2 protein chains.
Amino acid sequence: MRIGELAARVGTTTRTLRYYESRGLLPARRDAQGHRTYDERDLTLLRQIRTLQDFGFDLEETRPFVECLRAGHPEGDSCPASLAVYRRKLDELDALIGELQAVRAQVGAQLVRAERARDELAADALVPGGPEPACELGGHER
Amino acid sequence: MRIGELAARVGTTTRTLRYYESRGLLPARRDAQGHRTYDERDLTLLRQIRTLQDFGFDLEETRPFVECLRAGHPEGDSCPASLAVYRRKLDELDALIGELQAVRAQVGAQLVRAERARDELAADALVPGGPEPACELGGHER
DNA sequence: GTAGGCGTTGACGTCGGCGTCAAGGCAAGG
DNA sequence: CCTTGCCTTGACGCCGACGTCAACGCCTAC
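Notes on the structure follow. Computed from a predicted structure; not experimentally measured. (Residues numbered from 1 in each chain as written. Chains lettered and ligands numbered in written order. Predicted model: local features only at pLDDT ≥ 70, side-chain atom pairs only at ≥ 80, totals over all residues. Heavy atoms only, no water.)

### Brief notes about the side chain of A:D77
Move 1: By the secondary structure assignment, A:D77 is in the loop between α4 (59–70) and α5 (80–126).
Move 2: Looking at A:D77, the relative accessible area reads 4%, which means it is buried.
Move 3: In this structure the side chain of A:D77 is engaged in a polar contact, spanning 2.8 Å, whose partner is the side chain of A:Y86.
Move 4: Residues contacting A:D77, with those up to four places away along its chain left out, are A:F65, A:S82, A:L83, A:Y86, B:Q110, B:R113 and B:A114. (Helix = DSSP H or I, 4+ residues; strand = E, 2+ residues; numbered from the N terminus. Buried < 20%, exposed > 50% of the residue type's maximum accessible area, 1.4 Å probe, protein only. Polar contact = N/O pair within 3.5 Å; in protein donor to acceptor, adjacent residues only side chain to side chain. Contact = heavy atoms within 4.5 Å.)

Here is the structure:
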């Protein structure tokens, strides 16, 4: 199988495969014409890389998985180094999610505050007598 | 106030202020020496930018807030355009947090699965008689 | 012969938000 | 006079994961 076919089979581009090779992640054999040649094993390696990439793993973080497969293990995560990457990623994700949730809360609060301020200004404009600055003790209507 | 002092007062760098100016976000007056000159209003604008940046807003997304302040409003989020940015950001954050939680769940599941597979292999190695493939009906000990 | 379709290497572009020089100006202080 | 310290503009570097273009080679089909 040549580079175009492999790329098509995993839904990526030839440029990407050449890039992986330049990073030493997915080296290729060459045929008589100097064309890159891949087999079914490379397909497995590439699928592993792409799956992790889809999860947001850095390319370097996929390396232990690829080496694990290349070492003959049935799964890319059958090796301690891969598990370590999993755990590190989980920590990163937890930290990031926590930060984002904090930011979300802050921005949400800002929006509520700003909308309330806007509505109060609008209400003031509708009442020519001016806004009621505070609510005195006892009933305030009539 | 010149650029170095302003930068120090908000805890950023002169390079950053010049970058903001190049983006048209924070233009500066010039003194007789051609040095950039800022006043307290610029300090307010800059603090608004930095606050939003810390929340993860793109520089372009801070522009409505800055223009709102420059238009004389008391707060950067006193204008509809700013509120729209808030809402868009909340949607983005919700989407992103959701994606990250989904990824977290997937990676967590992978880790559990891989660890279990590893432990089973280890247990097999400890039992020379070989692993018990399945649990037949009835008690299985003694 | 030639056009199409595959492959090759090399090199520059992209995105955002700056960091980091390089080379120079101008003013105050010793 | 010279140093120190602030400022100026201009330009390249960085990060990751490729996209895109250029110029070329080889094989096959018409």
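### Regarding the protein's contact with DNA strand D
Move 1: If you check the shell around DNA strand D, you find 19 residues, and the closest are A:T16, A:Q53, B:G4, B:R18 and B:R36.
Move 2: When atoms of DNA strand D within 4 Å of the protein are split into backbone and base, the sugar-phosphate part holds 70%.
Move 3: Contacts to DNA strand D include B:G4, whose backbone N or O atom sits 2.7 Å from a phosphate oxygen.
Move 4: B:R18 places a side-chain nitrogen or oxygen 2.3 Å from a phosphate oxygen of DNA strand D.
Move 5: Sorting the residues of the surface near DNA strand D by element identifies α2 (14–22) and α3 (40–54) of chain A together with α1 (3–10) and α2 (14–22) of chain B as the ones contributing at least two each.
Move 6: Counting residues per element, the surface near DNA strand D draws most heavily on α2(A), which supplies four residues.
Move 7: Class assignment for the residues of the surface near DNA strand D results in four nonpolar, seven polar and eight charged. (Near = heavy atom within 4 Å. Nonpolar A, V, L, I, M, F, W, Y, C, P; charged D, E, K, R; others polar.)

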